[in-house]
Structures are given as structure tokens and as C-alpha cells.
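Summary of structural features
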Amino acid sequence: MTTRRPFLLPAALGLLLTILVLLPILFMFIGSVRTGGLADPRAHFTMTKLAMVYTTWPYLRTLLQTLAVSVMVSGIACCSGVLLAWLVTRTDMPGKTVVETCIIAPLFLSPFVGALAWLILGSPKSGLINVWARAWFGATQPVINVSSATGIVLIMALFFVPYAYLTVSSSLRAIDPSMEEASYLNGAGVFGTAVRVTLPVIRPALISAFFFVFVLACGTFAIPATLARAAQLPFLAVDIYLASNIFPIDYGRSAAIGTVLFWISVMGVTAYQLASSAARRFVTVTARGYRIRLVPLRAWRTPALALVVVYVLAAIVLPYLAILFACFTRFMSASLLNAPWTLVNVTGALGAPEVMDSIENTIIVGLAAPTLCVTLGLTLAYAIRRLKVRGSRFLEYMAMFPIAVPGIVFGTGIFWTYLLTPIYGTVWVLVIAFVASYLPFAYRIGDTALLQIDSALEEASALCGASHLRTARLITLKLARPAVLTAWIMVFIFSVREISAAILLSSSDNVVLSVLTWNYLDYGDVQKAAVIGMLQTLLLGIGVVLGRYVFRVRLNRAAA
Amino acid sequence: MSKLSVRDLVVRYGDVTAVDRVSFDVAEGEFVSLLGPSGCGKTTTLRCIAGLESATAGQIHIGDDLVTDGPNARAPEHRGVNMVFQSYAVWPHMTVFDNTAYGLRTKRMPKPEIATRVAEVLRLVGLTGLESRYGTELSGGQQQRVAVARAVVTAPRLLLFDEPLSNLDAGLRERMRFELVELQRRLGRTSVYVTHDQSEAMVMSDRIILMNQGRIVQEGSPRDLYERPASRFAAEFVGNANLLQARVTDTHPDGSSSVALADGMTLRSTMSGTPGAAVLLCIRPENIEPVTGETTGENLLEATAERISYLGASLHCEITTGTITLRAEMPPRIGLRAGEHLRIRIDPANVVIVPDGSAMAGPPG
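Residues numbered from 1 in each chain as written. Chains lettered and ligands numbered in written order. Predicted model: local features only at pLDDT ≥ 70, side-chain atom pairs only at ≥ 80, totals over all residues. Heavy atoms only, no water.

1. Some words on the overall build of chain B
Of regular secondary structure, chain B possesses eight helices and 21 strands. Its C-alpha atoms give chain B principal-axis dimensions of roughly 75 × 45 × 35 Å. Looking at the 365 residues of chain B, the share that counts as buried comes to 52%. At a minimum sequence separation of 6, the contacts of chain B that also span at least 24 residues come to 65%. About 15,800 Å² of surface is accessible on chain B, with carbon and sulfur atoms providing 48% of the total. Within chain B, one finds 38 positive and 43 negative side-chain charges whose respective centroids are separated by 6 Å. (Helix = DSSP H or I, 4+ residues; strand = E, 2+ residues; numbered from the N terminus. Buried < 20%, exposed > 50% of the residue type's maximum accessible area, 1.4 Å probe, protein only. Contact = heavy atoms within 4.5 Å. Areas by Shrake-Rupley, 256 points an atom, 1.4 Å probe, with all protein chains shown as cover. Lys, Arg positive; Asp, Glu negative; His and termini not counted. Charge placed at Lys NZ, Arg CZ, Asp CG, Glu CD.)

Here it is in C-alpha cells:
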């Protein structure tokens, strides 16, 4: 073994992470105090934009509104998540595997496509539900309005339920079932036990789920941007986009709003981490794998199943039916009731050169981003956990840092960083953004995998005379294969459906499917948008099916 | 009327029968252990009594109440029993006081009475002064005491223990054994105790029910079980045993019998047997005594010491006599060395005849 390696490797990794993760954030902060772009010779230092964004009314209103909406979204998602997780882990509800798959399914779908579908279903005038309600039941008022504040909150909550569900259900499965059994034996009933023992014991996990969803909700661009265009419900992430895309374009203002969102996320993630470390403390000694006594639902069986059915209808079935409907009909509000079926939309879209380009771009990004991201994540995990290189703590911190940076904020930073480089405007700038954004997932999955591989297995290889590299290749990588595949599939899904960073970095040459959907929607062509949304969903579906059935990745566990 | 009565309990999971027609009674105030290797169905039986597991068939009565009748079971919260769990299950979000008071609060007992009863029980288990500590701030032994306090404070009709000591380290385990026995004697609660540790069961129980593969193998006092094992499994599971294949050759008027070992050597046992029957002889290592040359009498054998391990309080020896190898425990003062000859004697009262379920008909050896 050489003595150089332990220094060279961490130095290289540190430099790479600094460029990838730290530099964009740094450039965003620089951008927020400049009057113009970096190439502009007349640009100078200014505090006016920061002052404006942090102290004046319309911006503060947006901030408060974003916070309020995110708190409500997270609250609703967590309450539903707790209820669903309790039903699945603690009762004799039938068909649990199917139920759980349905609850988690929205994770593998694009929230943007979901929002588009709900726009088709529930916009006040031309939404399918409202049109049908008018025609069949003579409704004079819209029965549903997804562009209202309530509509936006509910639809956002719908797509964040899986995150809350996964955190809470894994915590419910980890706690010692005897704690609840002891409560029963002390005379408490099902409700008393749930409220006085189960909930308090999982409280830290619940709090961490709350902050996790809160941070995700704060940084959400696609749903409010799709639904709120009519209602003008301002949202920070949407404001960032508007400041850099709608006249008067002001990249400095966009960066300044980005810093606001950045600080909120940092605070949210800090709270999340405090709560998760408390959650780990609460995990106690567990007895052998005794299954907990399942609470008989009896008469509650039907309402419980109804709850799941309503969720699945709202999150998956209705939206994708609506998308299919828009894809295959002549969809105009006048003729909605007897809209004739047609293939024109699909053939028209598939014939358009921009569609073929964006498919190609999406596939390049969808292959390159996960491959690079997982390679980097695994290398980092190996260097930190196995080689215990110098500066491990710094490397780990940097690898996990992007979790506190919403996609749109990263987009802003990457924009300022690469604007003057030839990479800007190509798909590779998206690859860079996604590798940085999803590094925490790849790193964590890799780290968990290494943690589970007994280091004696590697030591045995070393004692048999194999070098570090040979051991890593023949032993570690082989044993970590399932984790590597899982991470790859997850990052693939994230990259294909991503829109917030992609849209900030989009130019004529690097349009991906999600951005193209957005562009069509922006022109008011809902049908073309639906067709592209469908294409994107197909691509995601291929990824999930490949992962699940070819690579045998257990995606339910991976997402947690 | 016994306090607990289990009749023909069967628990099946798919094709696996975890508990197979188990029946036993526990008298008022009695301390009974369910002993057996892991997977023998003892914990499943206990969980059925608690109502935490549902039975496939069989009845369980607590006092006069029928609490389990096949798959129809009364919910655990309505059984008036309490349990000490293997993992203690001390609620981490509650203090020692709150943990202990939980069951009384669910009964809506008046506050002052709760305070008195909790204080009394905490004194009993030696936790006075720790009332405001949280579950996570306690050592394993202290958590164990909280679990016990929480179970006894509700004055349950039946106290259940599910391997409560198996998570403690050896020294503490030994001490807690005696504390638990003392507590049980003082409170006089009817108790069912599940363990896989035979010495734990021996020290604590009035009666031991030995289980294997879902069935009751033998039940009796600890002494019965050790001195009169009724099967190869019982002899091997409880204590160490030399098990030798043999055949009963004669019975004598005093009820004793002669048995022939594989190589033709004959031993006398005070137990009766059916002449010609293939049996196992169970000889405990500590019952093989070294004797001096002049001794005469029955069951005297010439032997050679093959291996000797010095364990302080005793010598563990492997000795051969004829073609038979025996493990023996001898006092260290005899100063035996490997390879030396010695004479040994086995008291006929200590030669236990065990029916050999596995032996084929025909001459042994």
C-alpha cells in the first residue's frame, strides 16, 4: 500500500465536492448582491435586492404564504401518513401488500404530471369533473377548484403522503411491539394504546417526517406553478422562476429569493436531523421477531379500505385517466361530453422534432446522472467508511449537504456558476445539477450497504493478498450490488421527473420531457402537454419495472 | 378450582404447528415455569394466555372465566392478567412513576391511591428515589424492575413472565432470580414463567413444565425432573447426563432391576423395568464417585481417566470403563491425573432407567 493514496483520494474528492456542491451555493450568494450578470462589466455590488426580498411586503407575503402552505401540506400529509401506516402495520386490514404499494406509488410518478392531470380534472371552468357535474347534475358552481389555496394544499399533500408514510411506517415497524402489548395488558384499549403509547413513542419520527415534508413542500415548484397560475397564489419557488423568466428579468432578484428558500431549508433540515437523532434514541431493545397482535378492524374495515381507495383514486387512478383522456380525445371545453377519440394528438406530438430531441435529452440525462451520481456516492462512502481517509467528516457533510438545497435553488446556483462556461445550455449542465442534488441519496444508500457488509469479509480478502482496489472490485462491489442498483434506479427516477432545476437551466438545446411539458402547458396546449407527460410517465414506468423485476430492487425499502 | 387451566391448546401457522394439544393447570399462588429450547412453543403458549396470540383450538380458563375458546378470545386488556416482557417494554416517553401508574390510571383509580400504591411497589422492587427518571435513563436491571413493578401494581389475577432475565448480564441475572422469587413468595401471585434456561427454572419454580416441539414432554418439581427424567430429551435438556443404551436383564423382588450395557457390563438400578426392554440409562456426572480399593458392593467399576479438566470446585473427567466413555465430576482433592486407573461406584439409586423411544428391538450394541 502506498502512503500517498490516503491523501490524494480525499483531496480529489474534496475538490470535486467543493465544485459540485459548494460553488453553486456560493455563486448564488454572489449573484444576489450583484446588479447584473457576472460578465457584465458595469455590474457592481449592491444590497438592494437582498433588502427588498428580505424586508419588503410582497416578498414577505410570499414567504409567509409559502411557510403557511408548507406547514399545512406537511401537517395533512403526516396525519394521513400516520393513519395509513397504523392501519397497515397494526390492524388486520386485508390486502396489505397491495395497499402499501398503492400508497407508495406516487413516489415513482412525477408530481408535475400529477398536477397537470388535476388541472385537467379540476380547474374551475374547464375541468372534467366540473364540466360533467354541470352537465349531469346541473351544478351551477364549480364543485372542485384545484387553483384555490385549498386545492393546491390538498394536491401537494396528496403527493407528499408517501414520504410521511414511509418514515412513520418504518418507525412503527422498528419499535418494540411489547410496548403496545404491555399497554393492552395494563387495561388500555386500542385507542388508548395508540394515543398514549404508540404515538408518543414514534413522536420523534413523526416530527422528523414533518420537517422533511415541510422542506420538500417549501421547495416545490411544479404543483403551485401548474395550479396557481390563475389564482396567483405566490410561492417562493415559483417566484424564483418568474424572476428569471418573465419580464423584467432580474437574475439577481431570482438569486436573492433563492437565498431565502435556502435558509428556510437549512433550518428545516436541521430540525429534521435533530428529530431523527432523537428517534434513533427511542429505538429500544427488541425481543425476537414476534409479530404484534393485529387489531381486529371488524366494522371499521370498510371505512379503512375506503380511505385507501379514496387516496389511490385521487393520487393515481383519476389523474392518469384524465391524462389518457386528454391524450386520446379532441379535448375542447365545448365538446368535452362527447369528445371523439383520436390519435392525432399522439401522432402529432411524436412527429414534432422538439419531442424527439427532448426524448433523447431525457435519456442522456437519465443514464448519465444516476451512473455518475452512484459512482461518486459509492466512492465517497467507501473512502469515508472503509479507508477512513483524512477529512472524512468534511466529505460526509458535503455529501449530505444538498439535502438542504431545493432543486430550484440548486438550479439558480448552477446557473450563476456555469453561465460563462461552454457547458451551459447543454444537457451536461443538467447532469451536473442532478448529480449534486441526488448525491445524498446515493451516498446514504451506499453507506448503509457498506455498513451491512462485515469488514472482516474485506479483511479476509486483504490477508489473502488482494490489493485495496482488487478487494473493492471483487468483494465489496459484488456484495453491494443490490444497493448500487437500488440507488441507480432511484436517481434515475428523480432525474427523469425533475423539473425545477431543469426549467431554470433550460435553453433551446437541452429541453427534457418535463420542461417540454411545461412549455406546452405554458402555450396553453394542454393536450400536447398531456402526451409528453404520458411519455415521461412511460419512461418512469420502464425504470420501475426494470428495477423491480429485472434487477429485483426492493423499491419500497429503498425509498425509505 | 385451579387459577389457570389450559385445555388442548393448539396454535397453527399455516402448516407449522407451534403448540400441539397442550394442557396444564396452575394452582392459586403457584409458580410454574414453561421450560424448553427455542421454538418449542412455550412463548406462544404464554402469549395465548395473555391474549396476544390467537389459538387455533383449545380453551383457557382464568379462574372461572373462559378467556380463550378456540379462535374466540377475549382482548388482552379485559383479562386481568399482566406480563413482564423479555425486552422490558418500558415506555421511553414516561417516567418510572408514569410507567408504573399506567395500569392504575386506566382503571381510573383516585390519584392519592395511585400515589400510595406506586410508592409501595417501587419500594418493593427497590426503585424508590428514581420515580422521575425516564425509561431511557435507566440501566437494564432498573428497567427490569420497572417492568416488574408495572406488572404487579395492578394486582393481576395472573402474572406472566416472558424470559424476563435473558437480556441481563450473567451476574445481574443471578441476583434478579432470587429477587423475583422472593417478590413472588411475598405477593403470593399465581405466576407462569417462560424460560429456556434450565437453572433459572430450577431455582425459581414450584413446578416445571418441560416442552419440546410444541408438546409437553414432562412436568413435575425441579427435583423430579432432574432425578427422574422420563425421556432422552428431558435427561439431556435438564443438566448434564451420561446416556447409555442398555437392556433390562432381571427384575428383583425389591423392585430394583439389573441392566446390561452394550459391552455386557451389568449395572444395578433401584428402578423397576420390563425384562428384555431396550432402555437408556441416565447417569449424572456428579453421581460417579471415586472409591478406594477396599470398597465392596454393587456397581463398582474399574476405569481409566482419559482427560481431566480442573475447574476449581471440581474436576471434569472423561473416564473409560470397558468400551464405555463416561463424563464424571469428581472432587479435586483426589488428585487424579490423566491415564491413571481408578475405581468408581455408581449408587443404584442414581442409575435412572429412561424408556428409549429411539431404540430398535434386538440386542443392544
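2. As for the interface of chain B and chain A
Taken together, the 32 residues of chain B in the interface contact 28 residues of chain A. A buried area of about 2,500 Å², summed over both sides, lies between chain B and chain A, and 58% of it is on carbon and sulfur atoms. Three residues, B:Glu77, B:His93 and B:Tyr102, lead the burial of chain B against chain A; their summed loss comes to 23% of the area buried on that side. Between chain B and chain A we count one salt bridge in total. Between B:Arg47 and A:Glu181 there is a salt bridge, and its shortest N-O distance comes to 2.8 Å. On the surface where chain B and chain A come into contact, there are eight residue pairs in polar contact (both at pLDDT 80 or more). (Buried area = accessible area lost by both parts, 1.4 Å probe. Salt bridge = Lys/Arg side-chain N within 4 Å of Asp/Glu carboxyl O. Polar contact = N/O pair within 3.5 Å; in protein donor to acceptor, adjacent residues only side chain to side chain.)

3. Some points on the side chain of A:Thr417
Residues and elements named next belong to chain A. Tracing the backbone through its elements, the reader meets Thr417 in helix α17 (residues 407-418). According to the relative accessible area criterion, Thr417 is buried, its value standing at 13%. Discounting residues that sit within four places of it in the chain, Thr417 has contacts with Leu23, Pro24 and Phe27.

4. Remarks on the packing of helix α5 (residues 111-122) of chain A against helix α24 (residues 526-550) of chain A
The geometry of a pair of packed helices is captured by two quantities: the angle between their axes and the separation between those axes. Residues and elements named next belong to chain A. For the pair α5 and α24, interaxial distance at closest approach is 10 Å and the crossing angle is 145 degrees. Judged by the twist between their axes, the crossing of α5 over α24 is left-handed. Contact with α5, carried on its side by Val113, Leu116 and Ile120, involves Val526, Ala529, Ala530, Gly533, Gln536 and Thr537 of α24 and no other residues of that element. (Axes fitted to C-alpha atoms, helices over the stretch in contact; angles between N-to-C directions. Left-handed = near helix turned anticlockwise from the far one by under 90°.)

5. Quick word on a positive patch on the surface
All names here are of chain A. Positive charge collects at one region of the surface, where Arg470, Arg473, Lys478 and Arg481 lie side by side. Looking at the positive patch element by element, the count peaks at three residues for helix α20 (residues 468-479). Residue classification places Arg481 among the exposed positions, given a relative accessible area of 52%. (Patch = residues over 30% accessible without salt bridge, like charges linked within 9 Å, V, L, I, M, F, W, Y side chains within 5 Å.)

6. Some thoughts on the pairing of strand β12 (residues 242-251) of chain B
All names here are of chain B. Two elements, β12 and strand β15 (residues 278-283), share six bridges in a ladder whose sense is antiparallel. Looking across to β15, one finds that Asn242 is bridged to Ile283. The pairing of β12 with strand β13 (residues 257-261) spans five bridges and is antiparallel. Bridging across to β13, Ala246 finds its partner in Leu261. The antiparallel pairing of β12 with β13 creates a hairpin that spans five residues between the two strands, and Gly255 there sits at a positive phi of about 95 degrees. (Pairing = 2+ DSSP bridges.)

7. A short note on the state of the cysteines
All names here are of chain B. Within the structure shown, the criterion is met by zero disulfides over all chains. Left without a disulfide partner, Cys48 is nearest to the cysteine sulfur of Cys40, which lies 13 Å away. On the accessibility criterion, Cys48 (1% relative accessible area) is buried. (Disulfide = S-S within 2.5 Å.)

8. Points about the pattern of salt bridges
Residue and element names in this part refer to chain B. A complete count under the given rule lists 29 salt bridges over all chains for this structure. Measuring nitrogen to oxygen at the nearest pair gives 2.8 Å for the salt bridge that ties Arg215 to Asp20. One end of the pair, Arg215, is in strand β11 (residues 215-220); the other, Asp20, is in strand β2 (residues 16-26), and 195 residues separate them in sequence. On the basis of relative accessible area, Arg215 is assigned to the partly exposed category, the value being 45%.

9. Some details on the packing of helix α14 (residues 344-351) of chain A against α24(A)
All names here are of chain A. Following both chains from N to C, one finds α14 and α24 inclined at 75 degrees, their axes separated by 9 Å at the closest point. By the angle class used here, α14 and α24 are roughly perpendicular. Where α14 approaches α24, its residues Asn345, Val346, Ala349 and Leu350 are matched on the opposing element by Gln527, Val531, Ile532 and Leu535. Along the lines of polarity and charge, the residues of the contact of α14 with α24 split into six nonpolar, two polar and no charged. (Parallel < 35°, antiparallel > 145°, perpendicular 65-115°, else oblique. Nonpolar A, V, L, I, M, F, W, Y, C, P; charged D, E, K, R; others polar.)

10. Here's the deal with helix α18 (residues 427-452) of chain A
Residue and element names in this part refer to chain A. Look at α18: 36 Å from first C-alpha to last across 26 residues, which is about the 38 Å you get at 1.5 Å a residue. Where α18 bends most, at Tyr438, the angle is about 50 degrees, and the proline Pro440 comes one to four residues later. Summarising burial for α18: 20 of the 26 residues are buried, a large majority. (Expected span 1.5 Å × (residues − 1). Bend = angle between axes of the 7 residues up to and from the residue.)

11. Regarding the packing of aromatic side chains
Residue and element names in this part refer to chain A. Considering all chains together, one arrives at 30 aromatic pairs over all chains under this definition. Centre to centre, the rings of Phe29 and Phe262 are 5.7 Å apart; their planes meet at 85 degrees, and the pair counts as edge-to-face. A residue pair is termed long-range when its members are at least 10 positions apart, and Phe29 in helix α1 (residues 5-31) and Phe262 in helix α12 (residues 251-282) qualify at 233 residues. With a relative accessible area of 27%, Phe29 lands in the partly exposed category. Relative accessible area serves as the criterion here: at 4%, Phe262 is assigned to the buried category. (Phe/Tyr/Trp six-rings, centres within 6.5 Å; stacked < 30°, edge-to-face > 60°.)

12. Re the sheet that holds strand β17 (residues 300-310) of chain B
The strands that make up a sheet are held in pairs by hydrogen bonds between backbone atoms, and each pair lies either parallel or antiparallel. All names here are of chain B. Taken together, five strands build an open sheet; the order of strands is β16-β20-β17-β18-β19 and the sheet is antiparallel. At either end of the open sheet lies a strand with only one pairing partner, and these are β16 (288-291) and β19 (324-330). Going across the sheet, the axis of each strand differs from the next one's by a mean of 45 degrees, ignoring polarity. Pairing analysis gives seven bridges linking strand β18 (residues 315-321) to β19, with the strands arranged antiparallel. Each bridged residue has a counterpart across the sheet, and for Thr321 the counterpart in β19 is Ile324.

13. Observations concerning a nonpolar patch on the surface
Residues and elements named next belong to chain A. Taken together, the side chains of Val309, Leu313, Val317, Leu318, Leu321 and Leu324 define a hydrophobic patch exposed on the protein surface, amounting to about 440 Å² of accessible area. Tracing the sequence through the fold places Val309 in helix α13 (residues 301-328). Relative accessible area serves as the criterion here: at 46%, Val309 is assigned to the partly exposed category.

14. Focus on the sheet that holds strand β8 (residues 158-162) of chain B
Residue and element names in this part refer to chain B. If you trace the six strands from one edge of the open sheet to the other, you get β7-β8-β9-β3-β10-β11, paired in mixed fashion. Both outer strands of the open sheet, β7 (81-84) and β11, are each paired with one neighbouring strand and no more. The average undirected angle you get between the axes of adjacent strands in this sheet is 20 degrees. Sheet topology places strand β3 (residues 31-35) next to strand β9 (residues 191-195); five bridges connect them, and they run parallel. The residue of β9 that forms the bridge with Leu35 is Thr195.

15. Describing unusual backbone geometry
Residues and elements named next belong to chain B. One non-glycine residue, Ala155, adopts positive backbone phi at about 50 degrees. Within the secondary structure layout, Ala155 lies in the loop between α4 (140-152) and β8. Residue Ala155 is classed as partly exposed on the basis of its relative accessible area of 38%.

16. As for the confidence of the model for chain A
Regions with low pLDDT should not have their predicted coordinates read in detail. Looking at chain A, the pLDDT average stands at 86 and 93% of residues meet or exceed 70. Mean pLDDT values over the elements of chain A span from 55, in helix α25 (residues 555-559) of chain A, up to 93, in helix α3 (residues 57-90) of chain A. (pLDDT = per-residue confidence, 0-100.)

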